[in-house]
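# Examination of the molecular architecture
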Protein chains: 4
Amino acid sequence: MSKTMLAVVKAEPKAGAEIRDVAVPQFGPTDVLVHVRVASVCGTDLHIYNWDSWAQRRIHPPLIPGHEFCGEVAAVGREVTSVKPGDFVSAEMHVACGKCFQCRTGDAHICQNVTIIGVDSDGAFAEYVRIPESNIWKIDPSIPADYASVLDPLGNAVHAVLAGEIAGRTVAITGCGPIGLFAIAVARALGASTVFAIEVNAHRRKIAQQMKADHVLDPATQDVKSIVLDQTGGVGADVVLEMAGHPDAIRTAFDIVRRGGRISLLGLTSKPVSLNFSEDIIFKGITIQGINGRRMYQTWYQMQALLKSGKLDLTPVITDRMPMRDFSRGMERLTTGEASKILLYPNGVK
Amino acid sequence: MSKTMLAVVKAEPKAGAEIRDVAVPQFGPTDVLVHVRVASVCGTDLHIYNWDSWAQRRIHPPLIPGHEFCGEVAAVGREVTSVKPGDFVSAEMHVACGKCFQCRTGDAHICQNVTIIGVDSDGAFAEYVRIPESNIWKIDPSIPADYASVLDPLGNAVHAVLAGEIAGRTVAITGCGPIGLFAIAVARALGASTVFAIEVNAHRRKIAQQMKADHVLDPATQDVKSIVLDQTGGVGADVVLEMAGHPDAIRTAFDIVRRGGRISLLGLTSKPVSLNFSEDIIFKGITIQGINGRRMYQTWYQMQALLKSGKLDLTPVITDRMPMRDFSRGMERLTTGEASKILLYPNGVK
Amino acid sequence: MSKTMLAVVKAEPKAGAEIRDVAVPQFGPTDVLVHVRVASVCGTDLHIYNWDSWAQRRIHPPLIPGHEFCGEVAAVGREVTSVKPGDFVSAEMHVACGKCFQCRTGDAHICQNVTIIGVDSDGAFAEYVRIPESNIWKIDPSIPADYASVLDPLGNAVHAVLAGEIAGRTVAITGCGPIGLFAIAVARALGASTVFAIEVNAHRRKIAQQMKADHVLDPATQDVKSIVLDQTGGVGADVVLEMAGHPDAIRTAFDIVRRGGRISLLGLTSKPVSLNFSEDIIFKGITIQGINGRRMYQTWYQMQALLKSGKLDLTPVITDRMPMRDFSRGMERLTTGEASKILLYPNGVK
Amino acid sequence: MSKTMLAVVKAEPKAGAEIRDVAVPQFGPTDVLVHVRVASVCGTDLHIYNWDSWAQRRIHPPLIPGHEFCGEVAAVGREVTSVKPGDFVSAEMHVACGKCFQCRTGDAHICQNVTIIGVDSDGAFAEYVRIPESNIWKIDPSIPADYASVLDPLGNAVHAVLAGEIAGRTVAITGCGPIGLFAIAVARALGASTVFAIEVNAHRRKIAQQMKADHVLDPATQDVKSIVLDQTGGVGADVVLEMAGHPDAIRTAFDIVRRGGRISLLGLTSKPVSLNFSEDIIFKGITIQGINGRRMYQTWYQMQALLKSGKLDLTPVITDRMPMRDFSRGMERLTTGEASKILLYPNGVK
């Protein structure tokens, strides 16, 4: 194994990123070193690249970003027992402390002291990445590598869809970025009766069609509320998955959810949102949930079961594949709004 | 409307049944009179026909049996508001009292004072049947009449499958009578990752194959426990739906359920079953549920949503169709073990 | 039985109310006529009295207000079977339609077509009130009449407390009107480990002390967030019951709830509330619930069980008792902020 | 610190135990060495002492038994961060593997590879005991040491009581050994409306009275089913906690549970139990749960919260206190059926 490797490096506290040769990570007795086969780009990576206000507060260069990937185990620390070199793996990149109240009561996904690999420490946009054994997820070899590289955002979708009842329910998804698009497939696979996909961007609406949403709606030109009420016998949607993070979409979510329904919020927004608590929440008796990360590791088992049984077709969401060297071009593609999920290959596109 | 109608009548406290002309039922202000289009035969009807010990205790002839059907509303009492003549309907045949603790706390399906139409009062093996408005279920016209006639047993299956988590779970079904067969389709539609169907009867196993169970097993010749453990990475089945009502199948259910899994019991048995509580239940930390009827009316909404969205193919289960006049021939077919679901048509097979 | 009775009447669409002799209500075959022993005043009654903007939209005079009461059955319609004259009763005043999706799936408390006795039709501030049998609640005779007159708001508190886990949890209650005060007693009786009562009004804080809240805090002079964090080992409150309906209190609720905690919203507000969805909800992974009415009739059974077993001391909340004739004086007392729960006696204070 | 310590040692594969001087345990980098202040005797310890068939299969002498205790941290391994010498602690003695399906999905209490300190490795009937940091539970200093020594069985009771709804519920406890007695206190503290304690042993019934069960029943002389039905308005008990492990008590549990109720099984039995599945489980629509250990670590947090807020009076259950040297006398006391919880003090009774 070489001592250096190719990596995307956020070297300076300013916009941009570099492709560099850096040292392969060292690893301790409970760590696993993974040879990255495919990495996937998240909106977070674009924030880091653009060095926006969130990135300026959170990121401490130099940093190798990247928190969605799969690969083979290259080496393991001496206390590692659950995987061995050659195993096909991905990882939960939220590293929980294991000692706080949330960690000790089954809610490690909202650990008080969480750190994120690829955000707070070096990540997967490189030939090798170091992962603690506790966070390694061994992947069934029948799952394609491209799918295996997007388990992080797919897990967000699975977590959101399964945060309440879904069988035989009508589901509206506001916002069709990659996680929203994945959620269409997941909701369908788990027996949602009707899926509404609501999205202003025409590229994304087209993919939502390919993901087989029952109704793909453009809130800029269509009366979403009327259509949802019409299609649900005047009742409203049982479940709304808010994945846009835009105040207009959030407003729509509250307008279309039925009495007693649930809104699962995943889309982040820095803008304040104003609600009429009496009319929007209390009289309707609804439930609102903040969805963060993926349940460790219930979501992972559920996701793997769905993938292994062939119930999810994710191909329409993967719009771009490129060598990792072309990272900056990927950032440009993402900025156009034309790309959805972009896969990076450290060793070239296979 | 004629004043008399064709009906299957259990006239005497002995084996058999007659086809007769009887008076069309009278109905009160809150009743609905339904013109039966299709009725479906349940194992209970065979017990009544054969006049076994259960029937001798429960049934008071004369009785028109039949509790699975669909049809059109023929007439309504003066206080009825939710349906009108011509509407396509079925009904929940468990008539709950509405006043007991269970009824007032959302558990009407286990009402203390329940009576069953077709068991305790005249049922649907006739041209007309009288149903209280509260129990009428209006059917979306897009649902085929044959499917609409089996909502009662399909609802049993939906109730059992949804009595706990199912998404991404491995499910074993012991016993592939009609409800077990329906449960295969329901579990698959709701995202079960792997479905094991376990059945000694070769006719039923063949239908289980057609319902697309992942593994169809014959406990008489195969080592069910080993196979389930092999296919679940040594963990065992997350969910077991016990629909055989035979001590051997029940034993299998406890053997194959994983630690922390659930067993939902639906198959009735008059034989005592012996368990080792420590090993079978406590150390494994499992949950066991008695499944009775269908939730009123959550199950009905979920079932309708699944049917309307085309997620269930029930055709392999419907093995026989015949005019209602041929009821006795239907009983013979059922006795052979070759038939699964038999549909009866009061006005001839369409 | 006299043909006329004393009643509080909102006769005109303007502020105020009159004490009048009016006809005793007529009742149908499924109705129960109740002789009111004690009625209790709700904040809603003050809105009606003051003829504020909400009342102007919702209320159609003439109306007898009043929706909290107990009394004896005076007469029953011919189809009534569950109570008889002389029985001690109260009632759920939300009359659900029984036919909408919510009613048929166990959520009648958020019925699409609900009407409220005392708001939409004549209520309990009178010697007699007419109630449909379905909504009558028979009261165990061991429960004192004063307590029996406040089951409606006590039920709000029980519903809110039991809308999620409470055993061994830290609970913060923002707003100590009668429902907030009741919630202190309920939370304690159900094993909450620590109860914080947060209230700006000194009279109410004094009662909160008498209800044995562990910490009674004045947000005008104390740093509520710091105190709650200190007392919970830095974690925050497991459960927040928001019963103030004021934007400042709602802000506090989001500030003090722990990661993964729940906020149950009951306090109504006509003012828009602004939130940072990312920080307030999503990253913390919290659950927010709108609490409306009382579950029909789970809440009623739970409440009766708590009262019957003597686990709730409600006496500090009942600050005023007066003859029903003095209704206007009651309205004045409520306006001062000194009174909490005011009981009215149609036949004089016993 | 001395290099040797006093310990109870099961030295040979036969009945009895010895008091010996043995080496103080060595500890690794992630271990905590605890100086035992109080240890408590479990029925399991009597099985080991008597060398019954279970013990012969499970126990490999030499072994120091004991799995209920509290004490002060004497020393910590170099990687330990959550406690320091002098801290007051107890421990969860079920050591979970952390890598199996159950461990990774929040069910570590039913880990596939669990080992138990005091059963599979040296335990707490000694001056010092070695515990992995992951299993250490830091105790609030306000909790008395005697209570802190019984967190293991108290946790069984808390786990069982909280395995379903308890607020405002009627609860029957069959079997009043220490865990059953603790469950009386826990159920009361969490708002159970009525607690029935059912026990054949007069000594235990007396303690059940002291624990303030509402009804203490002797199944040998009283008609338990009739009494429970009478006291619950003919409905039956909402919850039955089966803690006897005797077929007669299990039979009673099924007889008295209401339709839709739950039976939580904790009492172990080596005898087969025979049930009529149709009548006992399916028609009644009940739920049966196997209760094993304590949830890691939800139960511990809940238990600590209840103890810290002073809601549990456990003193009647602690019948005997003696120096650890008198272990054999403790075994005799337990055999008489007169003792309930026996506390052992390595350094003499304080």
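Residues numbered from 1 in each chain as written. Chains lettered and ligands numbered in written order. Predicted model: local features only at pLDDT ≥ 70, side-chain atom pairs only at ≥ 80, totals over all residues. Heavy atoms only, no water.

Glancing now at unusual backbone geometry. That bond from P61 of chain B to P62 of chain B is cis: its omega, 0°, falls within 30 degrees of zero. Assignment of secondary structure puts P62 of chain B in the loop between helix 2 (53-58) and strand 4 (69-76). The phi angle at W51 of chain C is positive, at roughly 55°, despite the residue not being glycine. Mapped onto the secondary structure, W51 of chain C falls in the loop between helix 1 (43-50) and helix 2 (53-58). Overall, the relative accessible area of 12% leaves W51 of chain C in the buried class. (Helix = DSSP H or I, 4+ residues; strand = E, 2+ residues; numbered from the N terminus. Buried < 20%, exposed > 50% of the residue type's maximum accessible area, 1.4 Å probe, protein only.)

Facing 16 residues of chain B, the contacting portion of chain C comprises 16 residues. Ranking the residues of chain B by area buried against chain C places K99, R104 and Y301 of chain B at the top, with a combined share of 53%. Where chain B meets chain C, there are two salt bridges. Scanning the region where chain B abuts chain C turns up twelve residue pairs in polar contact (both at pLDDT 80 or more). (Contact = heavy atoms within 4.5 Å. Buried area = accessible area lost by both parts, 1.4 Å probe. Salt bridge = Lys/Arg side-chain N within 4 Å of Asp/Glu carboxyl O. Polar contact = N/O pair within 3.5 Å; in protein donor to acceptor, adjacent residues only side chain to side chain.)

Once their charged atoms are close, side chains differing in charge can pair, the charge on each being opposite to the other. Across all of its chains, the model carries 88 salt bridges over all chains by this definition. Across the salt bridge formed by D140 of chain B and K308 of chain B, the nearest N and O atoms sit 3.4 Å from each other. With D140 of chain B in the loop between strand 9 (136-138) and helix 4 (145-148) and K308 of chain B in helix 11 (residues 298-308), this pair connects stretches of sequence that are 168 residues apart. In this structure, the salt-bridge partner of D107 of chain C is R295 of chain C, at a minimum N-O distance of 3.0 Å. Placement of the pair is D107 of chain C in the loop between helix 3 (101-104) and strand 7 (115-116) and R295 of chain C in the loop between strand 16 (287-290) and helix 11 (298-308), with a sequence separation of 188 residues. Residue class for R295 of chain C comes out partly exposed when judged on its relative accessible area of 26%. Linked through salt bridges whose partners overlap, the residues forming this network are K84, D87 and K138 of chain A.

Turning our attention to the packing of aromatic side chains. Under the definition given, this model contains 32 aromatic pairs over all chains. Ring centres 6.5 Å apart and planes at 80° place the aromatic pair F254 of chain B and F277 of chain D in the edge-to-face group. Taken together, the positions of F254 of chain B in helix 9 (residues 247-256) and F277 of chain D in helix 10 (residues 277-282) put the pair across two chains. By the burial criterion, F254 of chain B is buried, and F277 of chain D matches it. With a centroid separation of 5.4 Å and an interplanar angle of 55°, the aromatic rings of F125 of chain D and F327 of chain D are classed as tilted. Taken together, the residues F125 of chain D in the loop between strand 7 (115-116) and strand 8 (128-132) and F327 of chain D in helix 12 (residues 327-336) connect sequence positions 202 residues apart. (Phe/Tyr/Trp six-rings, centres within 6.5 Å; stacked < 30°, edge-to-face > 60°.)

Contacts between chain A and chain C engage 38 residues on the former and 38 residues on the latter. Together, the buried faces of chain A and chain C total about 3,100 Å²; carbon and sulfur atoms form 60% of this surface. Counting the surface chain A buries against chain C, the share from its top three residues, R259, F277 and I282 of chain A, is 21%. For the interface between chain A and chain C, the tally reads zero salt bridges.

A few words now on the sheet that holds strand 11 (residues 194-198) of chain A. By way of backbone hydrogen bonds, the strands of a sheet pair with one another, either parallel or antiparallel. Taken together, twelve strands build an open sheet; the order of strands is 12(A)-11(A)-10(A)-13(A)-14(A)-16(A)-16(C)-14(C)-13(C)-10(C)-11(C)-12(C) and the sheet is mixed. Edge positions in the sheet fall to strand 12 (215-217) of chain A together with strand 12 (215-217) of chain C, since each of these pairs with one other strand and no more. Across the sheet, the mean angle separating the axes of adjacent strands is 15° when strand polarity is ignored. Note: strand 10 (residues 170-174) of chain A against strand 11 of chain A, five bridges, orientation parallel. Across the sheet, the residue bridging to I173 of chain A is A197 of chain A, located in strand 11 of chain A. Running over the sheet, helix 8 (residues 224-231) of chain A touches strand 11, strand 12 and strand 13 (237-242) of chain A and is turned about 165° from strand 12 of chain A. Packing against the sheet, helix 9 (residues 247-256) of chain C makes contact with strand 10 (170-174), strand 11 (194-198), strand 13 (237-242), strand 14 (257-265) and strand 16 of chain C, and its axis sits at approximately 150° to strand 14 of chain C. (Pairing = 2+ DSSP bridges. Axes fitted to C-alpha atoms, helices over the stretch in contact; angles between N-to-C directions.)

Turning next to the pairing of strand 16 (residues 287-290) of chain D. Of the pairings in the sheet, the one linking strand 16 (residues 287-290) of chain B to strand 16 of chain D comprises three bridges and is antiparallel in character. Pairing of T287 of chain B across the sheet is with Q289 of chain D, part of strand 16 of chain D. As paired strands, strand 14 (residues 257-265) of chain D and strand 16 of chain D are joined by four bridges and run parallel to one another. Bridge pairing links R262 of chain D to T287 of chain D in strand 16 of chain D.

Attention now moves to the relation of the copies chain A and chain C. Note on the identical chains: chain A maps onto chain C by a rotation of 180° and an axial translation of 0.0 Å, with an RMSD of 0.0 Å. Given the turn and translation reported, the copies of this chain are related as if by a two-fold rotation axis. No C-alpha of chain A lies nearer the rotation axis than that of S274 of chain A, which sits 2.1 Å from it. Of all interface residues in chain A, 100% are interface residues in chain C too; the two copies therefore contact each other through one and the same surface. (Least-squares fit on C-alpha atoms with pLDDT ≥ 70 in both.)

Right, let's talk about the sheet that holds strand 12 (residues 215-217) of chain B for a bit. Within the open sheet, the twelve strands sit side by side as 12(B)-11(B)-10(B)-13(B)-14(B)-16(B)-16(D)-14(D)-13(D)-10(D)-11(D)-12(D). Their pairing is mixed. In the strand order of this sheet, the two ends are held by strand 12 of chain B together with strand 12 (215-217) of chain D, each with one partner. Taken over all neighbouring pairs, the strand axes of this sheet differ in orientation by 15° on average, direction set aside. On the sheet, helix 8 (residues 224-231) of chain B packs against strand 11 (194-198), strand 12 and strand 13 (237-242) of chain B and is oriented at approximately 165° with respect to strand 12 of chain B. Contacting strand 10 (170-174), strand 11, strand 13, strand 14 (257-265) and strand 16 of chain B, helix 9 of chain B runs over the sheet at an angle of about 150° to strand 14 of chain B.

Residues and elements named next belong to chain A. Note on placement: D31 falls in strand 3 (residues 31-40). Buried and without a salt bridge, D31 has R130 as its closest oppositely charged side chain, separated by 4.1 Å. A polar side-chain atom of D31 sits 2.9 Å from the main-chain amide nitrogen of G28. (Lys, Arg positive; Asp, Glu negative; His and termini not counted.)

All names here are of chain B. Packing of helix 1 (residues 43-50) against helix 12 (residues 327-336) brings their axes to within 11 Å, and their N-to-C directions diverge by 110°. Taken together, the axes of helix 1 and helix 12 are roughly perpendicular relative to one another. Packed against helix 1, whose contacting residues are D45, L46 and Y49, the element helix 12 presents F327, S328, M331, L334 and T335 at the interface. Partitioned by chemical class, the residues of the contact of helix 1 with helix 12 number five nonpolar, two polar and one charged. (Parallel < 35°, antiparallel > 145°, perpendicular 65-115°, else oblique. Nonpolar A, V, L, I, M, F, W, Y, C, P; charged D, E, K, R; others polar.)

Within the secondary structure, H94 of chain B is located in strand 6 (residues 94-95). Apart from residues no more than four positions distant in its own chain, H94 of chain B is found in contact with H109, V114, T115, I116, N135, G293, R294 and M296 of chain B.

Moving on: the environment of N276 of chain D. Within the secondary structure, N276 of chain D is located in the loop between strand 15 (273-275) and helix 10. Exposure remark for N276 of chain D: the relative accessible area of 28% places this residue in the partly exposed category. When the C-alpha positions of N276 of chain D and A197 of chain D are compared, they lie 25 Å apart, and in sequence the two are 79 residues distant. Ignoring anything within four residues of it in the chain, the contact list for N276 of chain D reads T269 of chain B together with I281 of chain D. A polar contact of 3.1 Å, which involves the side chain of N276 of chain D, links it to the backbone nitrogen of S278 of chain D. Polar contacts involving the side chain of N276 of chain D include one to the main-chain amide nitrogen of E279 of chain D, which spans 3.1 Å.

All names here are of chain B. Within helix 1 the residues assigned to the buried category are D45, L46, I48 and Y49. The arc that holds the buried residues of helix 1, viewed along the axis, is 160°, so those residues lie on one side. Phi turns positive, to about 55°, at W51, one or two residues after helix 1. (Arc of directions from axis to C-beta.)

On to the environment of C176 of chain B, then. Residue and element names in this part refer to chain B. The topology assignment puts C176 in the loop between strand 10 and helix 6 (178-189). For the pair formed by C176 and A197, sequence separation is 21 residues and the distance between their alpha carbons is 7.0 Å. Excluding its chain neighbours within four sequence positions, the residues that come into contact with C176 are L181, A197, I198, E199, R204 and A208.

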